[in-house]
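A closer look at the structure
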Amino acid sequence: MQKSYLYDVVIIGSGAAGLTLALHLPSRYRIALLSKDSLSAGSTYGAQGGVAAVLNEIEDSFEQHTEDTLIAGAGLCKKQAVDYIVKNGQESIHWLIDQGVPFTANKQATSSEKEYHLTKEGGHSARRIIHAADATGKAISDTLVQSVRKQHNIDIYEHHIAIDLITSGKFGVSNNSCLGAYALDCKTGNIHNFLSGDTILASGGASKAYLYTSNTDGATGDGIAMAWRAGCRVANMEFNQFHPTCLYHPNAKSFLISEAVRGEGGRLLLPNGQRFMPSFDQRAELAPRDIVARAIDHEMKRLGADCLFLDISHKPDSFIKSHFPTIFERCLSFGIDISREPIPIVPAAHYTCGGIVTQCNGATDLNNLFAVGECAFTGLHGANRLASNSLLECLVMAQSAAKTIERQPGSLSQAPSIPQWDESRVTDSDEDVVISHNWDELRRFMWNYVGIVRTDKRLQRALNRITLLQAEIHEFYSNYKVSSDLIELRNLAKVSELIIRCAMSRKESRGLHYSLDYPYCNKQAEDSILVPEPIKRFSDG
Ligand code: FAD
Ligand code: SIN
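Residues numbered from 1 in each chain as written. Chains lettered and ligands numbered in written order. Predicted model: local features only at pLDDT ≥ 70, side-chain atom pairs only at ≥ 80, totals over all residues. Heavy atoms only, no water.

Before going further, it helps to examine the overall build of the protein chain. When you go through the protein chain residue by residue, the secondary structure sums to 15 helices and 18 strands. The C-alpha radius of gyration computed for the protein chain amounts to 23 Å, which stays within 12% of the reference 24 Å derived for 541 residues, consistent with globular compactness. Along the longest, intermediate and shortest principal axes, the C-alpha atoms of the protein chain span 65 × 55 × 50 Å. Counting all 541 residues of the protein chain, 59% fall into the buried class. In the protein chain, the share of contacts with a sequence separation of at least 24, taken over all contacts with a separation of at least 6, comes to 74%. Summing over all exposed atoms, the protein chain offers an accessible surface of approximately 21800 Å²; the carbon and sulfur share of this is 48%. (Helix = DSSP H or I, 4+ residues; strand = E, 2+ residues; numbered from the N terminus. Rg over C-alpha atoms; globule rule 2.2 N^0.38 Å. Buried < 20%, exposed > 50% of the residue type's maximum accessible area, 1.4 Å probe, protein only. Contact = heavy atoms within 4.5 Å. Areas by Shrake-Rupley, 256 points an atom, 1.4 Å probe, with all protein chains shown as cover.)

Within this structure, the stated rule accounts for 13 aromatic pairs. Ring plane angle 85 degrees and centroid distance 6.5 Å describe the contact between Tyr 518 and Tyr 520, whose orientation is recorded as edge-to-face. Through a chain of ring-to-ring contacts, three or more aromatic side chains come together here, namely Tyr 5, Tyr 7, Tyr 157 and Phe 194. Lying over the aromatic face of Phe 319, Lys 315 brings its terminal NZ or CZ to 4.9 Å of the ring centre. Over the aromatic face of Tyr 477 sits the side chain of Arg 490, whose NZ or CZ is 3.8 Å from the ring centroid. (Phe/Tyr/Trp six-rings, centres within 6.5 Å; stacked < 30°, edge-to-face > 60°. Lys NZ or Arg CZ within 6 Å of the ring centre and 35° of its normal.)

Another aspect to go through is helix H12 (residues 389–407). Relative to the 27 Å expected for 19 residues at 1.5 Å per residue, H12 spans 27 Å between its end C-alpha atoms, a close match to the ideal helical length. Of all the 19 residues making up H12, 16 are buried; the element is thus mostly covered by neighbouring parts of the structure. (Expected span 1.5 Å × (residues − 1).)

With that out of the way, let us pick up the state of the cysteines. Inspection of the entire model under this criterion finds 0 disulfides. Cys 77 takes part in no disulfide bond, and the closest cysteine sulfur to it belongs to Cys 353, at a distance of 9.2 Å. Exposure remark for Cys 77: the relative accessible area of 14% places this residue in the buried category. With no disulfide of its own, Cys 521 lies 13 Å from the sulfur of Cys 77, the closest cysteine sulfur. (Disulfide = S-S within 2.5 Å.)

All right, on to the pairing of strand S14 (residues 343–352) then. Of all the 10 residues making up S14, 10 are buried; the element is thus mostly covered by neighbouring parts of the structure. Bridge count for strand S11 (residues 240–247) against S14 is 6 bridges, and the pairing is antiparallel. Its bridge partner lying in S14, Cys 246 is registered against Val 346. The sheet contact formed by strand S13 (residues 308–311) and S14 spans 3 bridges and is antiparallel. When the bridges of S14 are listed, Leu 308 appears paired with Ile 345. (Pairing = 2+ DSSP bridges.)

Lining the immediate surroundings of ligand 1 are 40 residues, of which Thr 44, Gly 50, Glu 374, Ser 390 and Leu 391 lie closest. One nitrogen or oxygen atom from the main chain of Ser 14 is found 2.9 Å from an oxygen atom belonging to ligand 1. At 2.6 Å, a side-chain N or O of Ser 390 approaches an oxygen atom of ligand 1. The set of elements that each furnish at least two residues to the shell around ligand 1 consists of helix H1 (16–24), helix H2 (43–46), strand S7 (160–167), helix H7 (222–229), S14 and H12. Top element by residues in the shell around ligand 1 is H12. It accounts for 4 residues. Residues of the shell around ligand 1, tallied by class, amount to 14 nonpolar, 21 polar and 5 charged. (Near = heavy atom within 4 Å. Polar contact = N/O pair within 3.5 Å; in protein donor to acceptor, adjacent residues only side chain to side chain. Nonpolar A, V, L, I, M, F, W, Y, C, P; charged D, E, K, R; others polar.)

For H1, the tally of buried residues reaches 8 of 9 residues, placing the bulk of the element in the interior. All buried positions along H1 are accounted for by Ala 16, Ala 17, Gly 18, Leu 19, Thr 20, Leu 21, Ala 22 and Leu 23.

You can see Asn 153 is positioned in the loop between helix H6 (136–150) and strand S6 (154–157). A polar atom in the side chain of Asn 153 sits 3.5 Å from the backbone oxygen of Ser 27.

Quick look at the site of ligand 2 now. Close to ligand 2 lie Gln 48, Gly 49, Glu 121, His 243, Leu 256, Ser 258, Glu 259, Arg 289, His 350, Arg 385, Ala 387 and Ser 388, which account for all nearby residues. In this structure, an oxygen atom belonging to ligand 2 sits 2.9 Å away from a main-chain N or O atom of Gly 49. Calculation on ligand 2 without its partners gives an accessible area of 260 Å², and the protein chains cover 92% of this total. For the shell around ligand 2, the per-class residue count stands at 2 nonpolar, 6 polar and 4 charged.

Glancing now at the pattern of salt bridges. Considering all chains together, one arrives at 30 salt bridges under this definition. A salt bridge links Asp 422 to Arg 425, with the shortest nitrogen-to-oxygen separation between them at 3.5 Å. Owing to a relative accessible area of 45%, Asp 422 belongs among the partly exposed residues under this scheme. Residues Glu 497 and Lys 494 are paired through a salt bridge, measuring 2.8 Å at the closest nitrogen-oxygen approach. Of the two residues, Glu 497 and Lys 494 are both situated in helix H15 (residues 484–505); the distance of 3 residues between them amounts to about one turn of the helix. By relative accessible area, which is 16% here, Lys 494 ends up buried. (Salt bridge = Lys/Arg side-chain N within 4 Å of Asp/Glu carboxyl O.)

The strand order S17-S15-S10-S18 describes an open sheet built from 4 strands, whose pairing is mixed. What marks the edges here is a single partner per strand, and that holds for strand S17 (376–377) and strand S18 (529–530). Taken together, the 2 bridges between strand S10 (residues 234–235) and S18 define a ladder with antiparallel strand orientation. Note on S18: the bridge partner recorded for Val 234 is Leu 530.

Below is the structure:
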């Protein structure tokens, strides 16, 4: 049976961004927290390296963290966003500590006050990454999920996938606002209206658009696609970050080898055991990710190699096992003892730097719609994200959005009456296999044509294919009942189109976007901002 729920705030996504936001809103607010899977599924849970923040002001400073972020971002970071997020990092970390996140202590600390171990990653000029061994995301997620489950004002809807936002503009109201979302209960198949004064997209990134990725299956860019369809601008989608080191093994799906392994002395090697990064960049293994991933891609293509290697075996066994227990155990389960031998690695799609255009408080182009976390484009990352700045952004921006919502809460008092989702003209699909075929095809051509190295011709090929696929998906969507697979495929196709269109508009190579046709960087750095067509009202047909 279809239902209409009414809340003060609806949050779509339960990663670091969604959980932090839910916990920062006053307890008088009635909140619905939706996750298309269990609460802990998503990129947050898999985060390894840690959270970047200036926590040791003797050896580090806000200026240095800002500078490192700007350098990695290759001219496209928004200084205002960088300053805001960097300066508010400490407070967010202290909040996590107060919540009970078990960060790794510094064993060498001399003062009586508890100190935390800080690690280093590519592009950082100081040790500033606080972590819980190599499973920081799990520690954060477990702690925040526990807190959220205790809150009486938060209703949790696991296995509920948001399909589309509900906007007043579609019902003829001139001042377009977000009124909530339609969501499919994946267990019962019912579609419900979740109506709210404010709606928050905290739905993560879109790296599943690529065949090889460090992300879990749900990283299908749902929030970005929904916001676009609702009339929000989307920017810089061409900047897909490829993480240089994912485990290469036929049975290892999406397993990351943290950049902290390189931060703690790991070396990248060719199949013959030779080191190669020093000849690409003087920062060698600790150059920003775009440079390291491109160097690996270059060497793999030059040698026709299936993978390269990352070696930390020169460090003592006890160091490896205490700093990287998860990586050690996982590699061992595949027969690789990282304390004795190098780890086979390949680059894989990891992070979506672009997203829904937001202000410094998470506000989007649509009234009463906020976006936080990986789905948002705040301007922090520019053309390439600095390692461990993502969780930081989730935390700081969620807190900022919560403050804004508290100051100016949305209200549904003027809202038009919202009809239930109409399924009267669709039937059950008898050909679900088409969905998985389309999904495979899309991820393969995105990897081949819109990957680490691009050309105009490859991008045009990708655009032709995505146009055909979208026509097929549209037909499917119009004629059959929605399923979570179909919803995700539709979104993945939309964000892939946005990635391709942003990539085609960039006539230069900058940060994560590298084109053989334009190998230089333009003097003027400009964002690629896509503007959706005005939304059609229902009465327009
Ligand atoms: P996620 O944590 O991805 O959560 C998205 C949520 O949205 C999920 O709950 C999902 O179920 C829900 N959702 C999505 N679509 C819908 C829908 N349609 N309806 C309902 N719910 C929906 N960053 C760092 O800063 N440091 C690190 O060490 C680090 N390590 C990483 C390691 C790995 C393996 C990966 C993949 C990423 C890593 N990152 C790291 C990046 C960082 O983890 C992510 O960018 C960040 O966790 C994103 O958080 P989020 O809350 O925006 O989204
Ligand atoms: C890692 O541990 O290498 C991931 C860090 C990040 O993506 O920021």
